[in-house]
Amino acid sequence: MRSVLAAILVFEAIIIGLAIPVAISLNNVHAGLAGAVGGGVALACLVVTALLRFPFGRVVGSILQVVAFALGIVVPLMFVLGAVFGVLWFVCLVLDRRIAAMRAERETSG
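The text that follows walks through the structure, step by step, so that each part is easy to find. Here the structure is a predicted model, which is why all the values come from computation and not from measurement. Going along each chain's sequence as written, the residues are numbered from 1 onward. At least 70 in pLDDT is required for a residue's local features to be given in this predicted model, at least 80 for side-chain atom pairs to be given and counted, and no such filter applies to totals for whole chains, interfaces and linings, which use all residues. Side-chain descriptors were evaluated using all non-hydrogen atoms of the structure, hydrogens and water having been removed beforehand.

### Considerations on the pattern of salt bridges
- Salt bridge criterion: a side-chain nitrogen from Lys or Arg within 4 Å of a carboxyl oxygen from Asp or Glu. Per the stated rule, a full pass over the model turns up one salt bridge.
- A salt bridge links R58 to D96; the nearest nitrogen and oxygen atoms lie 2.5 Å apart. Taken as a pair, R58 in helix 3 (residues 55-70) and D96 in helix 4 (residues 77-109) lie far apart in primary sequence, 38 residues in all.
- The exposure class of R58 is partly exposed, given its relative accessible area of 23%. Each helix is a run of H or I in the DSSP string that is no shorter than four residues. Each strand is a run of E no shorter than two, and both are numbered from the N terminus. For each residue, the accessible area found with a 1.4 Å probe, counting protein chains only, is set against the maximum for its type, and the residue is called buried under 20%, exposed over 50%, and partly exposed in between.

### Description of unusual backbone geometry
- With a phi close to 55°, N28 is a non-glycine residue in the positive phi region.
- Checked against the element boundaries, N28 lands in the loop between helix 1 (2-27) and helix 2 (31-51).
- Residue N28 is classed as exposed on the basis of its relative accessible area of 68%.

### A short note on the environment of L71
- The residue L71 is located in the loop between helix 3 and helix 4 in this model.
- The spatial distance from the C-alpha of L71 to the C-alpha of G35 is 13 Å, given a sequence separation of 36 residues.

The structure is reproduced here in structure tokens:
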């Protein structure tokens, strides 16, 4: 499941990167501010992909889902995209726990 979570974060980083020029041109956000905040969040998404091998990586990834949703304050479409990525993220976390529980049950009964 780690590879699916990593893919979600990579695609999210791309979307956040594409939201930077939208924030600059449509919402008149200063270019430096938009680049710093959007680039920082996108870079954080990429860094967290490497941290997913540790349990705290999933926690940081979950926090990033909230941050991506909050970017909708500047670019309203990010409310929708942040929600989509957030739902995907949390569904994968739930499915991962269910799969782990099923494996543990199979090992104890088999």
